[in-house]
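A closer look at the structure
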Amino acid sequence: MIGFILAAGFGTRLKPLTDHIPKALVPICGIPLVSRVHDFLSSNGITSIGCNSHYKHEILRAYLEKNHSSVRLYHEENNIRGTGGALYFANDFLSTDDCFCVANVDIISTVDLKKITEEFLKSDSMAALIVAPAASGSVFFEKETKEYICARSQQNIEKINFSTAQSADFIGMALYRKEFLSIIDSNDFSIVPIWKRAQNRGMKVSVIEAGPVYWIDTGSPRALARIHFDFLDEKIKMPITSMVYADIRNKKAFPVVFQRSQQNQLGPYSWVESSELPPGILLEHTVVFPDAEIRQTNKIENALVTRFGVIHFET
């Protein structure tokens, strides 16, 4: 099976960080998002991987050439194309196997993709959205058949028969058979209307429930910080940079070279990757990236600290 990473977005919610790097290279516990998704796909048996790009393409291209040289990169030069356009643009690559998995670059999840893929291949579905339980989810589907009905963002929610339907959260990953590509054209942008078009043409679009797995959309400052704190709370296990020691008991992480006095400057839920920590400053509920320069001298809390500025978030 082929894997395809959607990495063309602007990451506007993470400015000023994404004024300088593409969203795909935003680090999570010291490892860029695109590497985390690449390694997730690889660990689930997917070795043929592609990726699209648009914003700050050259920076992403250089990173992939150095770290994941086998990834096939598709540069959307003029306009960003959305998921539908991205799949149309990469048709020649995606159609070389019977099915493919599409994953958003800013989603981190512990979903068992191998198991879900096996379920998909045994079904008669042409497309399957991977979903997780949610009281008020982003997509609706039939309880019995698991067939997709619509996205919450669409305007026909009032027509849903709630006695036979339920909702769940789409976690930014979906599986497709290569035949699905035949209904996508050069004018497509969003994938949502294409799901409905597929159904109108007799193709089955369904959901596969992943169960109560961990997943998070890291596209906002608060969520980006939260995944670091979730690691300290042991809600998720994943590789982290070898330059940092995670003190799970005291809910903080810091460079392995930190002295005791520096460690004492860190309150709960501090994740610090920079070895430069000014004396006297206190941190709490804060993530400090490795190349950050801390200019304040009192206390920083509820923030991402980058070399390009401090990004505050609400708890």
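Notes on the structure follow. Computed from a predicted model, the values in this text were never measured in an experiment.

A short note on the layout of surface pockets
Considered as a void within the structure, the largest pocket measures approximately 760 Å³ in volume. Broken down by secondary-structure element, the contributors of at least two residues to the lining of the largest pocket are α3 (82-89), β6 (99-104), β11 (165-177), α6 (192-200) and β13 (215-217). Taken together, the residues of the lining of the largest pocket break down into 20 nonpolar, 9 polar and 8 charged. Counted as a void, the second largest pocket has a volume near 280 Å³.

Concerning a nonpolar patch on the surface
A contiguous nonpolar surface patch, about 300 Å² in accessible area, is contributed by Y245, V256 and V257. Relative to the elements of secondary structure, Y245 occurs in strand β14 (residues 244-247). Accessibility expressed as a relative area gives 45% for Y245, which makes it partly exposed.

Brief notes about α3
Of the positions making up α3, those classed as buried are G82, G84, G85, A86 and L87. In this fold, the buried residues of α3 make contact with β1 (2-6), β4 (48-53), α4 (91-94), β6 and α6.

Rules and cut-offs
Residues numbered from 1 in each chain as written. Predicted model: local features only at pLDDT ≥ 70, side-chain atom pairs only at ≥ 80, totals over all residues. Heavy atoms only, no water. 1 Å grid on protein atoms, 1.4 Å probe; cavity = no way out; pocket = protein on both sides within 12 Å on 5 of 7 lines; lining within 4 Å. Points joined across faces, edges and corners; volume = space filled by probe spheres on them. Helix = DSSP H or I, 4+ residues; strand = E, 2+ residues; numbered from the N terminus. Nonpolar A, V, L, I, M, F, W, Y, C, P; charged D, E, K, R; others polar. Patch = residues over 30% accessible without salt bridge, like charges linked within 9 Å, V, L, I, M, F, W, Y side chains within 5 Å. Areas by Shrake-Rupley, 256 points an atom, 1.4 Å probe, with all protein chains shown as cover. Salt bridge = Lys/Arg side-chain N within 4 Å of Asp/Glu carboxyl O. Buried < 20%, exposed > 50% of the residue type's maximum accessible area, 1.4 Å probe, protein only. Contact = heavy atoms within 4.5 Å.

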